[in-house]
Amino acid sequence: MESSTTGLVLCSLLWTVCAQVPVVSIEPKAAGVRQGESVSFRCRVVSGSQPVRLEWKRTNNSPLADNVKIGPDGSVLTIANARINNQGQYRCVATNSAGRSTMTTLLTIKYSPKVQVTPVGPLRVRVGEPVSLECRATGKPRPTVTWQRNGTPLVTTATEDNNTMQVAAAGPEHAGVWVCQAQNSEGIVEVKVEVIVEGVQGGATAPMASVSAAELIAVEGKTVTMQCQASGSPPPVISWSKLRAPLPWQHTVEGGVLTLTSLGRQDSGQYICNATNIHGYSEAYTQLEVDSPPYTTILPDQLKLRPGDALRLQCLAHGSHPIAFHWTRVGRATMPAGAETTKEGKLLIGRVKLVDSGTYRCVATNHVGSSEATAKVTVKA
């Protein structure tokens, strides 16, 4: 009895030898991706007594979003088609018989600026009255905000989340198109406000450009048209350009209408209509997104199991949504008994058998086309 008690005390004193609390690391320690991109984090057990169970959680204890997938062994967290609400910290929790430990990583979602100007305009003031325009911009990274009037940069009063353009007394030189521009590494957005100063002699005005659609969606290989109108006196000249790139080779411009044929994914981007006369110029923007068929992968693409283990495969697809998933077994007419599939692209088998070895195919389909990926499953006793 005495030696048994001594052994228990000794094991308690040397608990770190009997069983060690797990230590984990996460790769990468932090990541930043654009909306719609995918990213994976791997939690690796550095040390500790086996077995170690791994779990992923949000640090604010909110549930994982429906586009967040966990690998079969719990070590890999994948976020597909990232959204803004996926941003934040994720925690890997490692647990064994000796206790638990955690490690966190940070995900940042980058997105192009969004701009709001108050008042929206057109703004009418009389000579001598004050003018005040406020521009609020959001984006990740935080965008820089500037003001222009008829193409001339202006000095503004800036705070953390807005830029205010103020004029104590409006004069003829303040009439025209005022432009708030927000820019970060993900893009440039402009909002225009026409300021009309009443009581000014003459009818000459600077241009004011507008487009028929601020956003357009087209399909690869098809044709799209963009229409631009502009007011001003004398009548402005209209031209088209593409942000940070030349216009596609197969394009025509006629009467302010830009036509693109045989579209490719590289034709996506921001197109600029520019209207110019002797009193200034004005720009309007159309954002074109060219839809594409899915690009499909399976996580993991190879899986080794023993009879009685659970099989979990996740089919991921990047492309234009909505995307539908369909699982089949290569070389077999039917799937194994007990196989379950979900609309999110999961394949589940609760307890595999030796005959479940083989190659499994996932086909992802959207309104543009389809693609497939395969995963090899090996079941050995």
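Here is a short report on the structure shown in this document. Bear in mind the structure is a predicted one, so any value in this text is a computation, not a measurement. (Residues numbered from 1 in each chain as written. Predicted model: local features only at pLDDT ≥ 70, side-chain atom pairs only at ≥ 80, totals over all residues. Heavy atoms only, no water.)

Concerning the overall build of the chain
Now for step 1: Summing up its helical and strand segments, the chain has two helices and 32 strands in all.
Now for step 2: A compact globule built from 381 residues should have a C-alpha radius of gyration of about 21 Å, whereas the chain, at 30 Å, is more than 25% larger.
Now for step 3: In terms of overall dimensions, the chain has a C-alpha envelope of 110 × 60 × 25 Å along the principal axes.
Now for step 4: Counting over 381 residues, the chain shows a buried share of 40%.
Now for step 5: Within the chain, counting contacts between residues at least 6 apart in sequence, those at least 24 apart form 63% of the total.
Now for step 6: Within the chain, one finds 36 positive and 28 negative side-chain charges whose respective centroids are separated by 10 Å. (Helix = DSSP H or I, 4+ residues; strand = E, 2+ residues; numbered from the N terminus. Rg over C-alpha atoms; globule rule 2.2 N^0.38 Å. Buried < 20%, exposed > 50% of the residue type's maximum accessible area, 1.4 Å probe, protein only. Contact = heavy atoms within 4.5 Å. Lys, Arg positive; Asp, Glu negative; His and termini not counted. Charge placed at Lys NZ, Arg CZ, Asp CG, Glu CD.)

Here's the deal with the environment of Leu311
Now for step 1: Following the sequence through the fold, Leu311 ends up in strand β27 (residues 311-318).
Now for step 2: As for Leu311 and Val379, which are separated by 68 residues in sequence, their C-alpha atoms are 10.0 Å apart.
Now for step 3: Contacts of Leu311, omitting those with residues within four sequence positions, involve Leu303, Leu305, Leu347, Leu348, Ile349, Val352 and Val377.

Observations regarding the state of the cysteines
Working definition of a disulfide: a covalent bond connecting the sulfur atoms of two cysteines.
Now for step 1: Across all of its chains, the model carries four disulfides by this definition.
Now for step 2: Paired through a disulfide, Cys43 and Cys92 show a sulfur-sulfur distance of 2.0 Å. One disulfide, between Cys43 and Cys92, carries an S-S torsion of -80 degrees and so falls in the left-handed class. One end of the pair, Cys43, is in strand β3 (residues 39-47); the other, Cys92, is in strand β7 (residues 88-96), and 49 residues separate them in sequence. (Disulfide = S-S within 2.5 Å.)

Focus: the pattern of salt bridges
Two side chains of opposite charge can pair, provided their charged atoms sit close to one another.
Now for step 1: Under the criterion given, the structure shown has seven salt bridges.
Now for step 2: With a closest N to O distance of 3.3 Å, Glu55 and Arg53 form a salt bridge.
Now for step 3: Notably, a salt bridge pairs Arg83 with Asp66, separated by 2.8 Å at the nearest N-O pair. Within this pair, whereas Arg83 is found in the loop between β6 (76-79) and β7, its partner Asp66 is found in the loop between β4 (53-58) and β5 (68-70), the two being separated by 17 residues in sequence.
Now for step 4: Using a relative accessible area of 33% as the deciding quantity, one classes Arg83 as partly exposed.
Now for step 5: According to the relative accessible area criterion, Asp66 is exposed, its value standing at 55%.
Now for step 6: Here the salt bridges share partners, and the residues they tie into one network are Arg34, Glu37 and Glu186. (Salt bridge = Lys/Arg side-chain N within 4 Å of Asp/Glu carboxyl O.)

Everything listed is a geometric property; what it means functionally is a separate question.
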